[in-house]
Amino acid sequence: MPRFPILLTIALVFLNGAATIAQTKPNKDYLVYVVSESADKIALIRFGPKGARVDHDLQTGDMPVDIDGPHGIVVSPDRQFYYVSIAHGRPFGLIWKYSTRDDRVLGKTTLGYFPATVDITPDGNFLFIVNFNLHGDMVPSSVSVVSTPTMTEVARIQTCTMPHGSRLNPQGTKQYSACMMDDMLVEIDTRTLKVARHFIVTKGKEVGLSGAPRTRTPDAMSSMPGMNMPGMKDTGGHGMEPPKPGDNSCSPTWAQPSADGSSIYVACNKSSEIVEVDANSWRLVRRIPARAGVYNLGITHDGTRLLATNKRDQSVSIFDLKSGKELARLPTKRKVLHGVVVSPDAAYAFVTVEGVGSEPGTVEIIDLRAMKTVATVDVGEEAAGVDFFKTEPTR
């Protein structure tokens, strides 16, 4: 057979195989919870062979004349409950406990100023919520620890200015958060409920230190890394301000432990990099170039891929963690990226996009095998926190 027909046949087989991967449909339904901060809504998204849709939604919050601002959400390990952080308050925010069976409110408790990202220990007994304090003074804020059976705040641990991105390691022994205005990664020991270590992530000044960050007076804080960034103390778009010339600050917005807890990945929103810190030696491993305004991170359960939402770039990146190479960059339907969660089988990623003004928020669903966006669903304005619920037979 002539060489050209053989090559053509091989090419067609390859293309058909690629098309098969791209067109593969799920064989079950994936369910994901999403909160919409400017609409005071919680939505359950259903994605499966029949496409993607809002299964149902509900209102949250109890302020009749103001936005309550649900920001973070996490599902309990036993899938019986979900917890929603309510950012606004009079003046303090709250955490609400819901039943996944009927969306009934089972309890709530008061936290600090503007509670944001929330995570839960592997045994389901404790929540860790960062008190971001977006609208407060530039002073160190805290992480609230809540006992889930009683919905009681058992500790409020001072950490740093504008903590964000609360995530626990897989073992549940350490909680990590990123200090947006202090250029720090902070580690809390979940057994002692104290800050164990902190790490400076400013480019050229990286260093790991034991104990809690040193408390500074408001005047001294104006000279701290990250504190001279105009536009950071905004009222609804943190993470959108690009760096000024000569600004080497990181302005971290997320801390994501690796699948085995051996590394911590920090999203540097200002410098558009991802910093990897070794959790054992507490030293810098590498800085991975990222897209403009990298904001939130998610990791596949096998530890091979890192997902990043790029708040200023209107895109999602998929990274190979071994090489640090960006495998794909996927533009999104709307602007202002927010959260990302990966299904336990590593088949799909679910991304929230806030939108601008009166636009609805959006949930974008990415096929991680094909590395393509396969569905989008509109939800309430300013889609924010997102967490995976479960899979079930198709309805």
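Each remark here, short or long, concerns the structure printed above.
Conventions and cut-offs
- Residues numbered from 1 in each chain as written.
- Predicted model: local features only at pLDDT ≥ 70, side-chain atom pairs only at ≥ 80, totals over all residues.
- Heavy atoms only, no water.
- Buried < 20%, exposed > 50% of the residue type's maximum accessible area, 1.4 Å probe, protein only.
- Helix = DSSP H or I, 4+ residues; strand = E, 2+ residues; numbered from the N terminus.
- Pairing = 2+ DSSP bridges.
- Axes fitted to C-alpha atoms, helices over the stretch in contact; angles between N-to-C directions.
- Core = buried A, V, L, I, M, F, W, Y, C linked by side-chain atoms within 4.5 Å.
- Phe/Tyr/Trp six-rings, centres within 6.5 Å; stacked < 30°, edge-to-face > 60°.
- Lys NZ or Arg CZ within 6 Å of the ring centre and 35° of its normal.
- Salt bridge = Lys/Arg side-chain N within 4 Å of Asp/Glu carboxyl O.
- Disulfide = S-S within 2.5 Å.

This part covers the pairing of strand 6 (residues 94-99). Walk down a regular strand and you will see the side chains alternate between the two sheet faces. Of all six residues in strand 6, six are buried, a share of seventy percent or more. Burial along strand 6 is two-sided: Leu94, Trp96 and Tyr98 facing one way and Ile95, Lys97 and Ser99 facing the other are all buried. Pairing of strand 5 (residues 81-86) with strand 6 involves six bridges; the strand directions are antiparallel. Within strand 6, the position partnered with tyrosine 83 by the bridge is lysine 97.

The sheet built from four strands is open, its strands ordered 17-18-19-20 with antiparallel pairing. Every interior strand has two partners, whereas the edge strands, strand 17 (252-257) and strand 20 (284-289), have only one. Each strand axis lies, on average, 20 degrees off the axis of its neighbour in the sheet, ignoring direction. Relative to strand 18 (residues 263-268), strand 17 runs antiparallel, the two sharing five bridges. Considered in strand 18, the bridge of tryptophan 254 is made with alanine 267.

Attention now moves to the nonpolar core. Counting residues in each nonpolar core, the largest one holds 22 residues, and the members touching the most others are Phe128, Phe132, Ile157, Met162, Val186 and Ile188. Sorting the residues of this core by element identifies strand 9 (126-131), strand 10 (142-147), strand 11 (152-158), strand 14 (184-189) and strand 15 (194-200) as the ones contributing at least two each. By residue number, the principal contributor to this core is strand 14, which donates three residues.

What follows is about the packing of aromatic side chains. By the definition in use, this model includes 14 aromatic pairs. With centroids separated by 5.9 Å and ring planes inclined at 85 degrees, the aromatic side chains of phenylalanine 199 and tryptophan 282 adopt a geometry described as edge-to-face. Of this pair, phenylalanine 199 sits in strand 15 while tryptophan 282 sits in the loop between strand 19 (273-278) and strand 20, and the two are 83 residues apart along the sequence. Here phenylalanine 199 matches tryptophan 282 in class, with each residue buried. Both rings, one in phenylalanine 350 and one in phenylalanine 388, keep their centres 6.4 Å apart while their planes meet at 50 degrees; by these two values the pair is tilted. Taken as a pair, phenylalanine 350 in strand 26 (residues 348-353) and phenylalanine 388 in strand 29 (residues 383-392) lie far apart in primary sequence, 38 residues in all. For the pair phenylalanine 350 and phenylalanine 388, one class covers both residues: buried. Members of the aromatic cluster, connected to one another through ring pairs, are Tyr30, Phe47, Tyr348, Phe350 and Phe388. A cation over an aromatic ring shows up here: lysine 108 above the ring of tryptophan 96, its NZ or CZ 3.7 Å from the ring centre.

All right, on to the pattern of salt bridges then. For the coordinates displayed, the defined rule picks out 24 salt bridges. The residue aspartate 345 makes a salt bridge to lysine 28 at a minimum N-O spacing of 3.9 Å. Taken together, the positions of aspartate 345 in the loop between strand 25 (337-342) and strand 26 and lysine 28 in the loop between helix 1 (3-23) and strand 1 (29-36) put the pair 317 residues apart, joining distant regions of the chain. Using a relative accessible area of 39% as the deciding quantity, one classes aspartate 345 as partly exposed. Classification of lysine 28 as partly exposed rests on a relative accessible area of 28%. Put simply, arginine 46 and aspartate 29 hold a salt bridge, and the shortest N to O gap is 2.9 Å. Note that arginine 46 is positioned in strand 2 (residues 41-48) and aspartate 29 in strand 1, a separation of 17 residues in sequence. Both residues of the pair, arginine 46 and aspartate 29, belong to the buried class. Through salt bridges with shared partners, a single network forms among Asp29, Arg46, Asp55, Lys390, Glu392 and Arg395.

The buried fraction of strand 12 (residues 163-168) is high, at six of six residues. The sheet contact formed by strand 12 and strand 13 (residues 174-179) spans four bridges and is antiparallel. Bridge assignment links leucine 168 to a residue of strand 13, and that residue is glutamine 175. A loop of five residues connects strand 12 with strand 13, the two strands running antiparallel in sequence, and glycine 172 in this loop sits at a positive phi of about 75 degrees.

Following the criterion strictly, the structure yields two disulfides and no others. Each sulfur of the disulfide joining cysteine 160 and cysteine 179 lies 2.0 Å from the other. On the S-S bond that ties cysteine 160 to cysteine 179, the torsion sits near -85 degrees, and the link is left-handed. Taken together, the residues cysteine 160 in the loop between strand 11 and strand 12 and cysteine 179 in strand 13 connect sequence positions 19 residues apart.

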